[in-house]
Amino acid sequence: METAEPDIIADLRAAGLVGDSDVVLEPLTGGVSCDVWKVETPTGPIVVKRPLEQLRVAAEWHAPVERGTSEVRWLRRARGVDPRIAPEVLAELPGHAFAMRFLPGCPVWKDELMAGRVDPAFAAQVGQGIAAVHDATAHNDRDRAAFPNDEMFRALRVDPFLLYVAQQDSELAPALTALADDLASRKIALVHGDVSPKNILVSGDGPVFLDAECAVYGDPAFDLAFCTTHLLLKAVRSDDARMNVAAGALVAAYRTGIGWEDADGLLLRAGKLTAALLLARVEGKSPAPYLTNPEHKRTVRDQARMLILAPQSIDALVANWKRTFQ
Ligand SMILES: Nc1ncnc2c1ncn2[C@@H]1O[C@H](COP(=O)(O)OP(=O)(O)O)[C@@H](O)[C@H]1O
Ligand SMILES: [Mg+2]
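All of these numbers come straight from a predicted model, not from anything done at the bench.

Engineer: Please explain the site of ligand 1 as it appears in this structure.
Structural biologist: In the vicinity of ligand 1 there are 19 residues, among which K49, R101, L103, N199 and D211 approach most closely. A distance of 2.9 Å is found between a nitrogen atom of ligand 1 and a backbone nitrogen or oxygen belonging to L103. In the environment of ligand 1, an oxygen atom lies 3.5 Å from a nitrogen or oxygen atom belonging to the backbone of K198. For the shell around ligand 1, the secondary structure elements donating two or more residues are β2 (34–39), β3 (46–51) and β5 (97–101). For the shell around ligand 1, the residue count by class is 11 nonpolar, four polar and four charged. Mapped onto the domain boundaries, the shell around ligand 1 takes at least three residues apiece from domain 1 (5–101) and domain 2 (109–320).

Engineer: Explanation requested: the pairing of strand β7 (residues 200–203) in the structure shown.
Structural biologist: The side chains of a regular strand alternate between the sheet's two faces. Burial along β7 is two-sided: I200 and V202 facing one way and L201 and S203 facing the other are all buried. Alignment of β7 against strand β8 (residues 206–209), held across four bridges, turns out to be antiparallel. What sits directly across from V202, in β8, is P207. Hairpin remark: β7 followed by β8, antiparallel, with two residues in the connecting loop.

Engineer: I tried to follow the pairing of β2 on my own but got confused; where do I start?
Structural biologist: In terms of burial, β2 is a largely internal element, six of the six residues being buried. Burial along β2 is two-sided: the residues C34, V36 and K38 and D35, W37 and V39 are all buried. Pairing geometry for strand β1 (residues 25–27) and β2, over three bridges, is antiparallel. The partner of E26 across the bridge, within β2, is K38. One ladder, built from six bridges, connects β2 with β3; its direction is antiparallel. Note on β3: the bridge partner recorded for W37 is V48. The turn linking β2 back onto β3 is made up of six residues, and G44 within it adopts a positive phi angle of 110 degrees.

Engineer: Explain the coordination of the magnesium ion (ligand 2) to me, please; I cannot follow it from the model alone.
Structural biologist: Reference values for angles at a metal are 109.5 degrees in the four-donor tetrahedral case and 90 or 180 degrees in the six-donor octahedral case. With distances of 2.1 Å, the protein atoms coordinating the magnesium ion (ligand 2) are N199 (OD1) and D211 (OD). Of this pair, N199 sits in the loop between β6 (189–191) and β7 while D211 sits in the loop between β8 and β9 (216–218); the two residues are 12 residues apart in sequence, bridging distant segments of the chain.

Engineer: Explain the domain arrangement of the protein chain here, please?
Structural biologist: Accessible area lost upon the coming together of the parts serves often as the stated size of an interface. Parsing the protein chain into structural domains produces domain 1 (5–101) and domain 2 (109–320). When each unit is reduced to the centre of its C-alpha atoms, the spacing between domain 1 and domain 2 is 25 Å. Across the contact, 21 residues belong to domain 1 and 27 residues belong to domain 2. A buried area of about 2000 Å², summed over both sides, lies between domain 1 and domain 2, and 66% of it is on carbon and sulfur atoms. Taken together, the connections running from domain 1 to domain 2 amount to three salt bridges. Residue D143 is joined to R77 by a salt bridge in which the shortest nitrogen-to-oxygen separation is 2.7 Å.

Engineer: So what exactly am I meant to see when it comes to the side chain of H230 here?
Structural biologist: Mapping H230 onto the fold places it in helix α8 (residues 221–238). Here H230 falls in the buried class, since its relative accessible area comes to 8%. Once you skip the residues sitting within four places of it in the chain, H230 turns out to touch V195, S196, P197, R281 and Y290.

Engineer: Looking at this structure, I do not really get helix α6 (residues 150–168). What am I missing?
Structural biologist: For an α-helix, the turn length of 3.6 residues means that residues three or four places apart are oriented alike. At D159, α6 shows its maximal bend, which comes to roughly 55 degrees, and the proline P160 appears one to four places after that position. Buried residues belonging to α6 abut α2 (67–81), α7 (173–185), β9, α8 and α10 (263–283).

Engineer: How do you make sense of the side chain of N149 when you look at a structure like this?
Structural biologist: When you line up the elements, N149 lands in the loop between α5 (141–146) and α6. Using a relative accessible area of 13% as the deciding quantity, one classes N149 as buried. Beyond its immediate stretch of four places on either side in the chain, N149 contacts S70, A215 and V216.

Engineer: Looking at this structure, I do not really get the packing of α2 against helix α4 (residues 120–137). What am I missing?
Structural biologist: Two quantities define a packed helix pair, namely the angle between the axes and the distance from one axis to the other. It is at 9 Å that the axes of α2 and α4 come closest, and there the two elements cross at 95 degrees. One element, α2, and the other, α4, form an angle in the roughly perpendicular class. Mapping the contact onto sequence places W74, R77, A78 and V81 in α2 and A132, V133, A136 and T137 in α4. For the contact of α2 with α4, the per-class residue count stands at six nonpolar, one polar and one charged.

Engineer: It is not clear to me how the packing of aromatic side chains should be interpreted in this structure. Could you clarify?
Structural biologist: Centre-to-centre distance and the angle between the planes together describe a pair of aromatic rings. In the structure shown here, the tally under the stated rule is six aromatic pairs. Ring plane angle 75 degrees and centroid distance 5.8 Å describe the contact between F161 and F226, whose orientation is recorded as edge-to-face. Linking F161 in helix α6 with F226 in helix α8, this pair joins segments that are 65 residues apart in sequence. Accessibility expressed as a relative area gives 4% for F161, which makes it buried. When its relative accessible area of 2% is taken as the criterion, F226 is described as buried. The rings of F153, F161, F222 and F226 are connected pair by pair, giving a single aromatic cluster. Sitting over the ring of F102, K38 keeps its end group 4.2 Å from the ring centre.

Conventions used here
Residues numbered from 1 in each chain as written. Chains lettered and ligands numbered in written order. Predicted model: local features only at pLDDT ≥ 70, side-chain atom pairs only at ≥ 80, totals over all residues. Heavy atoms only, no water. Near = heavy atom within 4 Å. Polar contact = N/O pair within 3.5 Å; in protein donor to acceptor, adjacent residues only side chain to side chain. Helix = DSSP H or I, 4+ residues; strand = E, 2+ residues; numbered from the N terminus. Nonpolar A, V, L, I, M, F, W, Y, C, P; charged D, E, K, R; others polar. Domains from an automatic or database assignment. Buried < 20%, exposed > 50% of the residue type's maximum accessible area, 1.4 Å probe, protein only. Pairing = 2+ DSSP bridges. Donors = N, O, S within 2.8 Å, 3.2 Å for Na, K, Ca; no water. Contact = heavy atoms within 4.5 Å. Buried area = accessible area lost by both parts, 1.4 Å probe. Salt bridge = Lys/Arg side-chain N within 4 Å of Asp/Glu carboxyl O. Bend = angle between axes of the 7 residues up to and from the residue. Axes fitted to C-alpha atoms, helices over the stretch in contact; angles between N-to-C directions. Parallel < 35°, antiparallel > 145°, perpendicular 65-115°, else oblique. Phe/Tyr/Trp six-rings, centres within 6.5 Å; stacked < 30°, edge-to-face > 60°. Lys NZ or Arg CZ within 6 Å of the ring centre and 35° of its normal.

Spelled out as structure tokens, the structure:
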């Protein structure tokens, strides 16, 4: 990271984003997949993000740096749908890096939730925002052609979250394998791929979605399931009924935005995916870091296993979700 910083500064100068005076790169995260810096510029603070060739952990994970360009494409497309829901991209830089406007004073939604500030109205706006992008891009050949990222989505999402668990559990393997095949085969709308509360900023204008490195043209049910999963895990972790309410509000708002296909079919697919993702977050390669209590894990695992074997529509799943489960 250190050796490459002069390159980044030179690239920012070449793009006209900073002048000749000293430029300070302030690291924003210890992300495993990219470098993220905040940089003060004459026109205000910006964020510079550059994907790493090699993830800092899990070296066997293949993650081509082209995902940086996928992210730029997603951010631009989402802003075309609604300029409030994604940061403005200011420049694309060499090495699939890019610069975007920094949004000041916007906490990360995950931090809000973990601190017990749970706002179902905000969760509903998240549902609306995801559905708006899906609706605008559904059955659209141009979007489909712009996000041909099936291989990356398989490596970063399908394999670790669905198939890895299938390998560990022979009883669930047929259902999970069928689900993975179904997910990979559906080409319906532009999927963000990482709609997690840690990738959503809380702005005065509603949610702002970040970190679209896994964007793919695929099954929109995945985004709904991915985000709902996080809220249900947090409900167990905090034993906070407002988290269930927030999940319900997210799903209900998303549902009203489904204009491209039969809502019941999508919600059932999302229910199946949510069950699988819940299990993956306690048994898979990417466990939720805040779910360490064995009782909490059992509560998630037991419900998730039942739901994989006897799927429910995501609205029913959320309504029935228990924060403690014997
Ligand atoms: N445009 C932005 N405005 C304000 N903060 C941002 C912006 N982009 C990223 N961040 C901050 O940096 C963090 C990491 O960015 P993200 O795109 O999620 O990268 P990573 O791949 O490291 O998770 C975010 O959680 C957020 O706190
Ligand atoms: Mg992130």
